[in-house]
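Per-entry structural report
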Amino acid sequence: MAKAAPRAIEGEINRLRSLALDELRGEWRHLYASEPPQISRDLLVLGLGYRLQEIDQRGLGKATRRKLKTIAKNVRKTGRVGPAPSISLKPGARLVREWHGRTHTVTVTEDGFEYAGTSYPSLTKIAKKITGVHWSGPRFFGLQSPDRPRAETRDG
């Protein structure tokens, strides 16, 4: 099937908008070869419009299919669609970490973090300043998401 001109797809979507609910359900059966879900008329039009474009574009691109597979794998593994929720730190909060017998205190600011009188955009930059090597800043300071087991931190 040759690609339709954008105007042709737009015209077809406008035609769908003018159909009655029973006619939309018939279109759904034709395009999806399945019974339509029990959803609103507006969602049926959107779903049918999507299907017309999908057919015209010959399906999803490789990158999109790969991304969807990754999301599906994550859902099976964690039960969540997105990444683990991050920890929210409010300005004024203090993070304390002992490293090589010295206590390091970081203050959360509106724009990032303050350590030893200097502003930093990330905890990772502070962790590198303290240790001299790359560390995940949140991990260095012991910040974990609420549902993730806390990992042991190394102290050199």
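What this report covers is the structure whose coordinates are included nearby. (Residues numbered from 1 in each chain as written. Predicted model: local features only at pLDDT ≥ 70, side-chain atom pairs only at ≥ 80, totals over all residues. Heavy atoms only, no water.)

Observations concerning the side chain of R97
Mapping R97 onto the fold places it in strand β1 (residues 94-99). The exposure class assigned to R97 is buried, which follows from its relative accessible area of 8%. At 2.7 Å, the side chain of R97 and the backbone oxygen of F140 are in polar contact. (Helix = DSSP H or I, 4+ residues; strand = E, 2+ residues; numbered from the N terminus. Buried < 20%, exposed > 50% of the residue type's maximum accessible area, 1.4 Å probe, protein only. Polar contact = N/O pair within 3.5 Å; in protein donor to acceptor, adjacent residues only side chain to side chain.)

A closer look at the pattern of salt bridges
A pair can form between side chains of opposite charge whenever their charged atoms are brought close. Applying the stated criterion across every chain yields a total of five salt bridges. Across the salt bridge formed by R15 and E27, the nearest N and O atoms sit 3.2 Å from each other. One end of the pair, R15, is in helix α1 (residues 6-17); the other, E27, is in helix α2 (residues 21-32), with twelve residues separating them in the sequence. On the accessibility criterion, R15 (30% relative accessible area) is partly exposed. Put simply, E35 and R29 hold a salt bridge, and the shortest N to O gap is 3.1 Å. On the basis of relative accessible area, R29 is assigned to the partly exposed category, the value being 38%. One salt-bridge network, held together by shared partners, links E12, R15 and E27. (Salt bridge = Lys/Arg side-chain N within 4 Å of Asp/Glu carboxyl O.)

Topic: the nonpolar core
Ranked by size, the top nonpolar core spans 15 residues in total, and within it V106, L123, I126, I130, F140 and F141 carry the most contacts. Looking at this core, the elements with two or more residues in it are β1, β2 (102-108), β3 (113-115) and α5 (123-131). For this core, the element with the most residues is α5, which contributes four residues. Those residues within four positions of F141 in sequence are excluded, and the remaining contacts are L95, R97, V106, L123, I126 and I130. (Core = buried A, V, L, I, M, F, W, Y, C linked by side-chain atoms within 4.5 Å. Contact = heavy atoms within 4.5 Å.)

Concerning the environment of V45
With respect to the helices and strands, V45 occurs in helix α3 (residues 41-56). Using a relative accessible area of 8% as the deciding quantity, one classes V45 as buried. Each C-alpha atom, one on V45 and one on I13, is 7.6 Å from the other, the two residues being 32 residues apart in sequence. Residues within four places of V45 in sequence aside, it is in contact with L16, R17 and L24.

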